[in-house]
Every structure is written in C-alpha cells, then in structure tokens.
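# Descriptive analysis of the structure
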Amino acid sequence: MISILLTKCALCKRNSLHGTFLCTLHALFFLFLVLAGSSAHGEQLRKVTFIPQWQPQAQFAGYYVAKEKGMYKNYGLDVTVLRGGPECPPLESLAEGKADFVTLFLADGIQQRAQGVSIVNIGQLVQQSGFMLVARKSSGIMKPEDLQGKTVSIWSDFQLQPLAFLRKYGLDVKIIPQTATLNLFLRGAVDAASAMWYNEYHLLLNAGLDEDELTAFFLKTYGLNFPEDGIYCLEETWKRDEELCCDFLRASLEGWRYAFTYPDEALDIVMKYVKEAHVGTNRIHQKWMLERMKDIIVPWKDIPMGSLRREDYHAVARELKMNDFIQQVPDFDEFYGNCPKKR
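Residues numbered from 1 in each chain as written. Predicted model: local features only at pLDDT ≥ 70, side-chain atom pairs only at ≥ 80, totals over all residues. Heavy atoms only, no water.

### A closer look at the sheet that holds strand S3 (residues 101–105)
One key point about sheets: their strands pair by backbone hydrogen bonds, in either a parallel or an antiparallel sense. Our working rule: If DSSP finds at least two bridges between two strands, the strands pair. Under the DSSP-based scheme used, a helix requires at least four consecutive residues in state H or I and a strand at least two consecutive residues in state E, with every element numbered from the N terminus. Here, axes are lines fitted to C-alpha atoms. For helices the fit covers the stretch in contact, and angles between N-to-C directions go from 0 to 180 degrees. Contact criterion: two residues are considered in contact whenever any of their non-hydrogen atoms come within 4.5 Å of each other.
With mixed pairing, 5 strands are arranged side by side in an open sheet as S2-S1-S3-S10-S4. One side of each edge strand has no neighbouring strand; the edge strands of this open sheet are strand S2 (77–81) and strand S4 (119–124). Each strand of the sheet is rotated relative to its neighbour by a mean of 35°, with strand direction disregarded. Sitting on the sheet, helix H6 (residues 106–114) is in contact with S3, S4 and strand S10 (229–234), with an inclination near 160° to S4.

Below, the structure is given as structure tokens:
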C-alpha cells in the first residue's frame, strides 16, 4: 500500500529526498487511519450501541472496562455505551432501534417475550439474585408473615419478584411506589423497602443503620432466585448476525473478568463514567457494589460466566406463570441465544 502511494504521490515526482520523505509520512499516516478503523484481525469495526438499564455504576463495570481496555475492539466492535435510566429506557430503545444490546432482569425478559416482544437473551451475567426487602427489627418484622398489613415500597420497574414474594406468603400489604432513594424508609414512612444487596442495602448502612438493626429478606432464600442482569438483543438481530451478538458477549465477559481481577483499575474506569454523568456516589460505595457483583455473577466455579441455566429459567418462568404475570412460558431454546456453547 505504501509503495503504491509513493508512486502516485505528487511530491515524489520531484524526485527529491525531501519529497520522498514527506510522501512516506503521508502514506504512513493514511495507513494508520485505515488500521485505526479496523480490528486486530484486519476487519472493519462493526458499530453497535449498548444501553445498560441504569446510570453509570459498578453494576455495569465489565462493560465500561471492555470499552476502555479495548476488548470490544479486539473482537472487531466499535461500541457506543449510552446511559440508561428513565430518560433512556433500555427496552424501548431496543424496540425503536436506538440500541443493539441492552441489559434486563431475567424476569422482565421472560415477561416481555411471553407478551410477544421478540427479544433474545445472549448471556445471563447475574446467577444469584441480589433483590431483597429490608425492614427495621424495631418495627416487629422478623419473618415474612410479620409484613401482613404493613406498608411496603416497591419499584415500579422491578416489581415482579417482590410481588411474587408477597403472593407466595399470602400477604396483604399497602404498596407504595418507591423512588430512586430510600428516603421514605429512612423517615419511617414505610415499614419495608425494596433494595439491592449491591446498592441500596449498603446505602442504608452508610446512612447510619447497623446490620443487626435490620431484617433483610433475601428473596433468593425464599425460593425466588430470579437472576437479574442479562444481555438482550432483538431476535432479528440474533438471526441476522449471530457472530456479532456472540462477539459482544465474549468481549463483555472479558471485561468482567478483568474488572474482578484488577478491581482498583476497574473502579478508576467506573468513576470516570460516574463523574461524566454527574452521578452522586463515591468510590467506597462503588467498591462495595463491584465486590457484590462478583458474588452474584460468579457464585459457583462450575458454572461458566454468562450462562443461563435451563433450570433457573424454568424456575423463574414457573413463578411468573403461577402468579399470573405471564400466560404461557416462552420456549427456552428460542429465548436463549446460548453463545457460550457455540465458541
């Protein structure tokens, strides 16, 4: 390529050492531009957009690491990571073509598929649920039955699992919509609140509450292990370019492995995204979150990271159907892309 450019370069027609030198620089610069837009395998980078379900935090550390450390580029991908949350709902963005890949909770993914939304799970990152309901022991709440007649705040976007818990124990409670903060619980306006082990629970501890003051109902210990974050795409995307989907998953998994191996570096990257988004948090909280994400993403050594186990899928789908959240259970093999076994 360089020799061709040298031949065609107008400067070289002067047949001078200076002209040849300048032409060589031009050629090298052109070659750099070409290589910069290609993967390590010499392929043109494929542009994709990814939206996690919330704003920047360590819950999504692996994806930020994969972008910043070049994992996506190594798989031939040019990935744009957008901010999720109320202003950019992942599922809507996926349906409208604003995103190629998003993260969703498994229960939400199954429900959407059962309702006719053609999405495919290409990788199940979280294996153990971090969802919990939290109450003060001083309110007399020590076991599920003690919630009877109490006031419980639940997120409108993530209500399937706690509602299944309440129905399972036949609890009649007053449900209050929960915002992005735990202010209602901290002020005593509700008896119990929704929380994630890797996020809100730690915020309660930072607010001055001690663990022995709290009753924590980890929903996974009550037969409701609904694994949360998974990576989803539209079925048409999966059928059109399975290789693209699997490459995105593989690069993302490399990002997560790197984040767990080098947590300090991963936190540096997370905090960069946090500051750019002006998210109110701190490194200590993000460190807790990253450690808890490792606990629920790789709880067992014999389960490959990113795998969706058939038994987990049917356990969640069965609970959803029993509680009338879905009418029919979607076919597992149509729902799950199963990239890990196709490497």
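Having put the structure on the table, let's press on.
### So, the state of the cysteines
Here is the rule we go by: Two cysteine sulfur atoms form a disulfide, by the criterion used here, when they sit within 2.5 Å. Three labels apply to residues, based on accessible area from a 1.4 Å probe with only protein chains included: buried if under 20% of the type maximum, exposed if over 50%, partly exposed otherwise in between.
Taken as a whole, this structure holds 1 disulfide when the rule is applied. Unpaired in this structure, Cys245 has its nearest cysteine sulfur neighbour in Cys233, at a distance of 3.8 Å. The class for Cys245 is buried, based on a relative accessible area of 0%.

### Regarding the packing of helix H11 (residues 242–261) against helix H13 (residues 283–297)
Which entries qualify depends on this criterion: When describing relative orientation, an angle under 35 degrees is termed roughly parallel and one over 145 degrees roughly antiparallel, while 65 to 115 degrees is termed roughly perpendicular and anything else oblique. If you view the pair so one helix is near and one far, a crossing is left-handed when the near helix is turned anticlockwise from the far one by less than a right angle, and right-handed when it is turned clockwise. Under the grouping applied here, Gly and all other residues not named as nonpolar or charged are polar, the nonpolar ones being Ala, Val, Leu, Ile, Met, Phe, Trp, Tyr, Cys and Pro and the charged ones Asp, Glu, Lys and Arg.
One can describe the packing of H11 onto H13 by two numbers: an axis separation of 10 Å at closest approach and a directional angle of 125°. Judged by the angle between their axes, H11 and H13 are oblique. As for how H11 packs across H13, the hand of that crossing is left-handed. Residues Trp256, Ala259 and Phe260 of H11 lie in contact with H13, whose contacting residues are Leu290, Met293, Lys294 and Ile297. Classifying every residue of the contact of H11 with H13 gives 6 nonpolar, no polar and 1 charged.

### Examining the packing of aromatic side chains
Note the threshold: Here is the rule: rings of Phe, Tyr and Trp (six-membered ring for Trp) pair when centre to centre is within 6.5 Å. Planes less than 30 degrees apart are stacked, more than 60 are edge-to-face, and the remainder are tilted. Two conditions define a charge sitting above a ring: the NZ of Lys or the CZ of Arg must be within 6 Å of the ring centre, and it must be within 35 degrees of the ring normal.
As enumerated under the stated definition, the model contains 21 aromatic pairs in all. Here Phe105 and Phe158 contribute two aromatic rings whose centre-to-centre distance is 4.4 Å and whose plane-to-plane angle is 25°, an arrangement assigned as stacked. Of this pair, Phe105 sits in strand S3 while Phe158 sits in the loop between strand S6 (151–154) and helix H7 (160–168), and the two are 53 residues apart along the sequence. Judged by its relative accessible area of 7%, Phe105 is buried. Phe158 gets classed as partly exposed once you look at its relative accessible area, which sits at 21%. It is Arg136 that lies over the ring of Phe185; its NZ or CZ is 4.7 Å from the centre. When the ring centre of Trp197 is taken as origin, the NZ or CZ atom of Arg292, which lies over that ring, is 5.2 Å away.

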